[in-house]
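# Coordinates in review
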Amino acid sequence: MRCSPRFLPQRCARIFPQLCYSSISFPEALKRGGAVGRLKLFSTHVLFEEPRRRLEEHFDVEYWRGNERPPRPEVLKRVAGMDALVCLLTEKVDRELLDAAGPKLRIVANVAVGFDNIDVPACTERGIAVTNTPGVLDETTADFTWTLLLGVARRLVEGDRLARSGEWLQWNFDLLCGTDVWGKTLGIIGLGRIGRAVARRAQGFRMPVIYHSRTRASAEIEKELNAEYRTQDEVLLQADFLSLHVPLNEKTRGLIGRAELARMKRTAFLINTTRGPVVQEAALVEALDQGVIAGAALDVFEREPLISDGLRRDNVVLAPHLGSASVETRTRMAMIAVENAIAFFAGQRPPTILNPEVLRRK
Ligand code: GLV
């Protein structure tokens, strides 16, 4: 049964009004001795103030407070004996970590939409709920995809470098001429929520959109986005800008390699804001060396934070995985993770649970 929004904690209702499932209301569950306050939670980041306050209302929270990501041994040590874990995409939640946590661990709330860092089947085997943060970062990530696309096409980073170097001596007719964006063909691989948000923005640039996706979108969505379905090969062949929006899994790992790059136009640009391993980085470097494509704009890398030297070139724009990095969006993501943890221990269905089968076993 869906619980009435009036029973939902205020922030939960605001963030995902349509998503809370439970047969009992939240305050009711607390009254019934959820004893949520005594539960121990390890958060591998301090998060922002609003989610932090919310978390602390309900859990005894231990944070990793370092400026850098916690070293693995530190995570393994601190997760021991915890009831809940709030983690980022940098933390690998595998059997080793679950062993280190011990039998009390009931929920892993990832502050990311991608969950390739988590061994979900291993969590499910142990009855541990896993949640992610879908639906709140699509527009922000789409904005950033366009930031990269425009940046590489119009040579913004090179221009910035020149402008601030003190070496720009005069305007000139052919100074840093890039390539037009408007009117070109945008190819999208993966038309999920983020892919659709990227496609929607193309209309302002009068760009035809072609896409390939595991499942074809409805005629209604295709019409709304002015997007045409093609085979993957056709998208590779026809796109002037190819933007990747598939999740990383065993089917998409290495999706774009030497053969796929060779199908692209020599004038085309590759944009990747999903996960680095979707592109075979060595093949991309080779393609750039040989002028197989015109350039790339990358927010993600095969072995983050390492970046292949061959990608450090003028026709490649590089960003350190910033797709969802706005204060508003990161706050929303953290709030979802926090609300998932609270809902779980309040006897409710965590709104964005990935393995709901563990709830049936509770
Ligand atoms: C960011 O990369 C995310 O998966 O949320």
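Residues numbered from 1 in each chain as written. Predicted model: local features only at pLDDT ≥ 70, side-chain atom pairs only at ≥ 80, totals over all residues.

## Describing the overall build of the chain
The line we're drawing: Every helix listed is a DSSP run of H or I at least four residues long, and every strand listed is a run of E at least two residues long, numbered separately from the N terminus. Every C-beta atom is placed from the backbone, and the number of other C-beta atoms within 10 Å of a residue's own sets its class: buried at 20 or more, exposed at 12 or fewer, partly exposed in between. Contact between two residues is assigned whenever their backbone-derived C-beta positions fall within 7 Å.
Assigned secondary structure in the chain consists of 15 helices and 12 strands. Within the chain, buried positions represent 43% of all 362 residues. Long-range pairs, those at least 24 residues apart, make up 61% of the contacts in the chain with a sequence separation of at least 6.

## Some words on the sheet that holds strand β1 (residues 40-43)
Adjacent strands of a sheet pair through backbone hydrogen bonds, lying either parallel or antiparallel. Short version of the rule: Any two strands with at least two DSSP-identified bridges between them are counted as paired. Angular values range over 0 to 180 degrees, each being the angle between N-to-C directions of two axes fitted as lines to C-alpha atoms, with helices fitted over their stretch in contact.
With parallel pairing, the five strands of this open sheet are ordered in space as β2-β1-β3-β4-β5. On the outer flanks of this sheet lie β2 (60-63) and β5 (129-131), each paired with one strand and no other. Within the sheet, the average angular offset between the axes of one strand and its neighbour, ignoring direction, is 15°.

## Section: the site of the ligand
Note the cut-off: Nearness here has a simple definition: the residue's C-beta atom, placed using the backbone, must lie within 6 Å of the molecule or strand. Note that Gly is not counted as nonpolar here; it falls among the polar residues with everything else outside the nonpolar set of Ala, Val, Leu, Ile, Met, Phe, Trp, Tyr, Cys and Pro and the charged set of Asp, Glu, Lys and Arg.
As a matter of local geometry, the ligand sits amid L89, A112, V113, G114, L137, G323 and S324. Looking at the shell around the ligand residue by residue, the classes come out as four nonpolar, three polar and no charged.

## Brief notes about the sheet that holds strand β10 (residues 269-272)
Here seven strands make up an open sheet; going across it, the order is β8-β7-β6-β9-β10-β11-β12 and the pairing parallel. Only two strands of the sheet have a single partner each, and these edge strands are β8 (227-229) and β12 (316-318). Across the sheet, the mean angle separating the axes of adjacent strands is 20° when strand polarity is ignored. Note: strand β6 (residues 186-189) against strand β7 (residues 209-212), four bridges, orientation parallel. Opposite I188, over in β7, you have Y211 as the bridge partner.

## Section: the packing of helix α3 (residues 49-58) against helix α14 (residues 327-345)
For clarity, the cut-off: Any angle that falls under 35 degrees is termed roughly parallel, while one over 145 is termed roughly antiparallel, one within 65 to 115 roughly perpendicular, and all others oblique.
Two elements in contact, α3 and α14, have axes whose closest approach is 8 Å; the angle formed by their N-to-C orientations is 10°. Between α3 and α14, the angle is such that the two are roughly parallel. Contacts between α3 and α14 involve E50, P51, R54, L55 and H58 from the first element and T331, A334, M335, V338 and I342 from the second. Per-class residue counts for the contact of α3 with α14 are six nonpolar, two polar and two charged.

## Considering the pairing of strand β11 (residues 295-298)
We count it as follows: Handedness of a crossover: with both strands directed away from the viewer, a clockwise path from the first strand across the helix to the second marks it as right-handed.
Here β11 shows no split at all, with G295 and A297 on one side and A296 and L298 on the other all buried. For β10 and β11, the ladder comprises four bridges, and the chain directions are parallel. Bridging across to β11, I271 finds its partner in A297. Note on the crossover from β10 through helix α13 (residues 281-289) to β11: the handedness is right-handed. Looking at chain direction, β11 and β12 are connected through three bridges and run parallel. Within β12, the residue paired with L298 across the bridge is L318.

## Quick word on helix α9 (residues 193-202)
With seven of 10 residues buried, α9 lies mostly within the body of the structure. Taken as a whole, α9 has its buried residues at I194, G195, R196, A197, V198, A199 and A202. Looking at the buried residues of α9, the elements they touch are α7 (138-153), β6, β7, α10 (219-225), β8 and β9 (241-244).

## Focus on unusual backbone geometry
Of the consecutive residues E304 and P305, the connecting peptide bond is found in the cis state with omega at 5°. Tracing the chain through its elements places P305 in the loop between β11 and β12. At L47, a position not held by glycine, the phi torsion is positive, near 65°. Following the sequence through the fold, L47 ends up in the loop between β1 and α3. When the 24 C-beta atoms within 10 Å are taken as the criterion, L47 is described as buried.

## Some details on the pairing of β7
Residues V209 and Y211 point to one face of β7 and I210 and H212 to the other, with burial holding for every one of them. With respect to chirality, the unit in which β6 leads through α9 into the neighbouring parallel β7 is right-handed. Handedness of the β7-α10-β8 crossover: right-handed.

## Some thoughts on the environment of A259
With respect to the helices and strands, the residue A259 is situated in helix α12 (residues 258-263). Among the residues examined, A259 registers 11 C-beta atoms within 10 Å and is labelled exposed.

## A short note on the confidence of the model for the chain
As a reminder, the rule being used: For every residue, the predictor assigns a confidence score, pLDDT, that lies between 0 and 100.
Mean pLDDT over the chain stands at 92; residues scoring 70 or higher make up 90%. For residues 1-37, every residue scores under 50 in pLDDT, and the model assigns this stretch 53 contacts once sequence neighbours within four places are set aside.

## A short note on the packing of α7 against α9
Stated formally: Note on convention: the crossing is left-handed when the near helix lies turned anticlockwise from the far helix by less than a right angle, right-handed when the turn is clockwise.
For the pair α7 and α9, interaxial distance at closest approach is 8 Å and the crossing angle is 55°. By the criterion of interaxial angle, the relationship of α7 to α9 is oblique. Note that α7 runs across α9; the crossing there is right-handed. Contacts from D138, E139, T141, A142, T145 and W146 in α7 reach R193, I194, A197, V198 and R201 in α9. Looking at the contact of α7 with α9 residue by residue, the classes come out as five nonpolar, two polar and four charged.

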